[in-house]
Amino acid sequence: MTPQAKLIFAMSLLLGTTITISSNHWIMAWAGLEINTLAILPLISKSHHPRAIEAATKYFLTQAAASTLVLFSSMTNAWYTGQWDITQLTHPTSCLILTSAIAMKLGLAPFHFWFPEVLQGSPLTTGLLLSTIMKLPPLTLLLMTSHSLNPTLLTCMAILSAALGGWMGLNQTQTRKILAFSSISHLGWMAIIISYSPKLTLLNFYLYTLMTMTVFLVLNTNKVLKLSTLMTTWTKNPSLNAMLFLTLLSLAGLPPLTGFLPKWLIIQELTKQSMATMATVISLLSLLGLYFYLRLAYCATITLPPHTTNHMKQWHTHKSTNISIAILTIASTTLLPLSPMLSSIA
């Protein structure tokens, strides 16, 4: 793919995201989502591998169905209330349809089925876009309509996402699928708190984006697509793998790293809302995720390949690490002391 084409698609992604997050009218928000979908499709299928074409087809069909539901929900609301304003979504049927549509857009359980498959068929850089930036427009719509949505339904979907994201990621050997199930699990944490504290959801999304970006960039630098390859990268770039180890533990939510902050604040807010049971359940479910993060971290830093290895030996190259990875790694592991400031903002 030529640099000019990549620039056009990147600008289209930026345009679609900006249109959606800044619009008040449902049609404009829908148009932004469509621009985003059409711009990411060539980036998914650029390798022309059958797996990539399959991923692009699955992504297109799922997103088209979700966009149709968004349009149907807004039209139903406009039919009954005469309002096209996003914040004026009041009709119960429209709220239910919109929740399903946004869950499908985000990959929130039980509409998560497409996300691991699409991420597995995409390059790591496109996978990074799908896991982070592409989730911002639907999440913005969810934030703008959060006061109208059913909290019980969102809580059930959140618990299901945390359970499925943790459970289905346990037996994976492909790094992209592990990160896909990690994303589903984190979406559960965002969905459970959105009705009570939308700013906490946004804070969680920002910190998740920060940590996931670090992991994807490190894996892309080391050209790692599966765990067996990850085992051989310690000899190639030890310092980068040590940073990956810390970032993965942060993504798991262990103190005193950055990832502990959103989980801590969400559990605190749920307890204030008399939802201590739900807070306990989702905390226990996050232990499933902790297992596969530890597995990744173990493969990255502690396991050395045996001499009778079946794959090619990685050459030790003296490549300079990208400055963006260094900055992102520091932010992914050391932001916990800023929690009083971040919690006052949230």
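Each value, and the rule that gives it
Residues numbered from 1 in each chain as written. Predicted model: local features only at pLDDT ≥ 70, side-chain atom pairs only at ≥ 80, totals over all residues. Heavy atoms only, no water. 1 Å grid on protein atoms, 1.4 Å probe; cavity = no way out; pocket = protein on both sides within 12 Å on 5 of 7 lines; lining within 4 Å. Points joined across faces, edges and corners; volume = space filled by probe spheres on them. Helix = DSSP H or I, 4+ residues; strand = E, 2+ residues; numbered from the N terminus. Nonpolar A, V, L, I, M, F, W, Y, C, P; charged D, E, K, R; others polar. Buried < 20%, exposed > 50% of the residue type's maximum accessible area, 1.4 Å probe, protein only. Core = buried A, V, L, I, M, F, W, Y, C linked by side-chain atoms within 4.5 Å. Domains from an automatic or database assignment. Contact = heavy atoms within 4.5 Å. Patch = residues over 30% accessible without salt bridge, like charges linked within 9 Å, V, L, I, M, F, W, Y side chains within 5 Å. Areas by Shrake-Rupley, 256 points an atom, 1.4 Å probe, with all protein chains shown as cover. Salt bridge = Lys/Arg side-chain N within 4 Å of Asp/Glu carboxyl O. UniProt positions renumbered as here; feature names shortened; annotations may be inferred. Buried area = accessible area lost by both parts, 1.4 Å probe. Axes fitted to C-alpha atoms, helices over the stretch in contact; angles between N-to-C directions. Parallel < 35°, antiparallel > 145°, perpendicular 65-115°, else oblique. Left-handed = near helix turned anticlockwise from the far one by under 90°. Phe/Tyr/Trp six-rings, centres within 6.5 Å; stacked < 30°, edge-to-face > 60°.

Help me understand empty space enclosed by the protein, please; the structure alone is not making it clear to me.
Empty space among the atoms becomes visible once a probe the size of a water molecule is rolled across them. Within the structure shown, the criterion is met by 4 cavities of 30 Å³ or more. Of the voids in this model, the largest cavity is the one considered here, and its volume is about 90 Å³. Lining of the largest cavity is provided by 13 residues; of these, Tyr 59, Gln 63, Lys 105, Met 134 and Pro 138 occupy positions nearest its centre. When residues of the lining of the largest cavity are traced back to their parent elements, those giving at least two are α2 (26–44), α3 (50–81), α5 (114–121) and α7 (136–144). Among the elements that make up the lining of the largest cavity, the one with the highest residue count is α2 (3 residues). Taken together, the residues that form the lining of the largest cavity break down as 8 nonpolar, 3 polar and 2 charged. Its volume calculated, the second largest cavity comes out at about 60 Å³. Looking at the second largest cavity, the residues that line it are Ser 185, His 186, Trp 189, Leu 251, Ala 252, Lys 263, Ser 286, Gly 289, Leu 290 and Tyr 293.

What am I meant to see in the environment of Ser 197 here?
Looking at the element boundaries, Ser 197 is found in the loop between α9 (175–193) and α10 (198–222). In this structure Ser 197 comes out as buried when scored by relative accessible area, which is 10%. Distance in space between the C-alpha atoms of Ser 197 and Tyr 208 is 17 Å, their sequence separation being 11 residues.

Teacher, can you tell me more about the nonpolar core here?
The nonpolar side chains of soluble globular proteins are, as a tendency, buried together. Ranked by size, the top nonpolar core spans 93 residues in total, and within it Tyr 59, Leu 130 and Leu 230 carry the most contacts. When we break this core down by domain, the ones giving at least three residues each are domain 1 (1–142) and domain 2 (150–345). If we skip the residues at most four places from it in the chain, Leu 230 touches Leu 219, Val 224, Asn 241, Leu 244, Leu 296, Cys 299 and Ala 300.

What should I look at first to understand a nonpolar patch on the surface in this one?
A contiguous nonpolar surface patch, about 330 Å² in accessible area, is contributed by Leu 7, Met 11 and Leu 14. With respect to the element layout, Leu 7 can be found in helix α1 (residues 3–22).

What's the story with the UniProt feature "domain: NADH:quinone oxidoreductase/Mrp antiporter transmembrane" (unreviewed entry) in the protein in this structure? I'm lost.
The positions UniProt marks with the feature "domain: NADH:quinone oxidoreductase/Mrp antiporter transmembrane" (unreviewed entry) are residues 23–288. Annotation note: span residues 23–288, helix share 74%, strand share 0%, distance between end C-alpha atoms 38 Å.

How should the layout of surface pockets be read in this particular structure?
In this structure, the largest pocket occupies an estimated 220 Å³ of space. Together, Lys 6, Phe 9, Ala 10, Leu 13, Leu 14, Leu 43, Lys 46, Thr 125, Thr 126, Leu 129 and Ile 133 line the largest pocket. Sorting the residues of the lining of the largest pocket by element identifies α1 and α6 (124–131) as the ones contributing at least two each. When residues in the lining of the largest pocket are grouped by element, the largest group, 5 residues, is from α1. The class makeup of the residues in the lining of the largest pocket is 7 nonpolar, 2 polar and 2 charged.

Would you take a moment to explain the pattern of salt bridges for this structure?
Side chains bearing opposite charge may pair, as long as their charged atoms lie close to each other. Overall, the coordinates contain 4 salt bridges when judged by the stated rule. Lys 58 serves as the salt-bridge partner of Glu 54, at 2.8 Å between the closest nitrogen and oxygen. With Glu 54 and Lys 58 both in helix α3 and 4 residues apart, the pair spans about one turn of that helix. A relative accessible area of 35% places Glu 54 in the partly exposed class. Via salt bridges that share partners, Arg 51, Glu 54, Lys 58, Glu 117 and Lys 177 belong to a single interconnected network.

What am I meant to see in the domain arrangement of the protein here?
How big an interface is tends to be expressed through the accessible area that disappears when the partners come together. Domain parsing of the protein yields domain 1 (1–142) and domain 2 (150–345). Taken over C-alpha atoms, the centre of domain 1 sits 23 Å from the centre of domain 2. A buried area of about 2600 Å², summed over both sides, lies between domain 1 and domain 2, and 80% of it is on carbon and sulfur atoms. Of all residues in domain 1, the largest losses of buried area upon contact with domain 2 belong to Leu 108, Gln 120 and Leu 124, amounting jointly to 26% of the total for that side. Counting across the interface, domain 1 meets domain 2 through 1 salt bridge.

Is there a simple way to explain the packing of α10 against helix α12 (residues 238–252) in this structure?
For any two helices packed against each other, one specifies the crossing angle of their axes together with the interaxial distance. The geometry of α10 relative to α12 is characterised by a closest axis approach of 10 Å and an angle of 150° between their N-to-C directions. Taken together, the axes of α10 and α12 are roughly antiparallel relative to one another. The interaxial crossing formed by α10 with α12 has left-handed handedness. Contact residues: Tyr 208, Met 211, Thr 212, Thr 214, Val 215, Val 218, Leu 219, Thr 221 and Asn 222 in α10; Leu 240, Asn 241, Leu 244, Thr 247, Leu 248, Ser 250 and Leu 251 in α12. Residue classes in the contact of α10 with α12 are distributed as 9 nonpolar, 7 polar and no charged.

Please explain the packing of aromatic side chains as it appears in this structure.
What characterises a pair of aromatic rings is the spacing of the ring centres plus the angle enclosed by the ring planes. Here the structure, examined in full by the defined rule, presents 5 aromatic pairs. A centroid spacing of 5.6 Å and a plane angle of 65° characterise the contact between Tyr 59 and Trp 114, whose relative ring orientation is edge-to-face. Highlighted residues: Tyr 59 in helix α3 and Trp 114 in helix α5, separated in sequence by 55 residues. Owing to a relative accessible area of 4%, Trp 114 belongs among the buried residues under this scheme. Seen in terms of ring centroids, Phe 260 and Trp 264 are 5.8 Å apart; in terms of plane orientation they differ by 10°. Their pairing is stacked. Separated by 4 residues within a single helix, Phe 260 and Trp 264 lie in helix α13 (residues 260–272), roughly one turn from each other.

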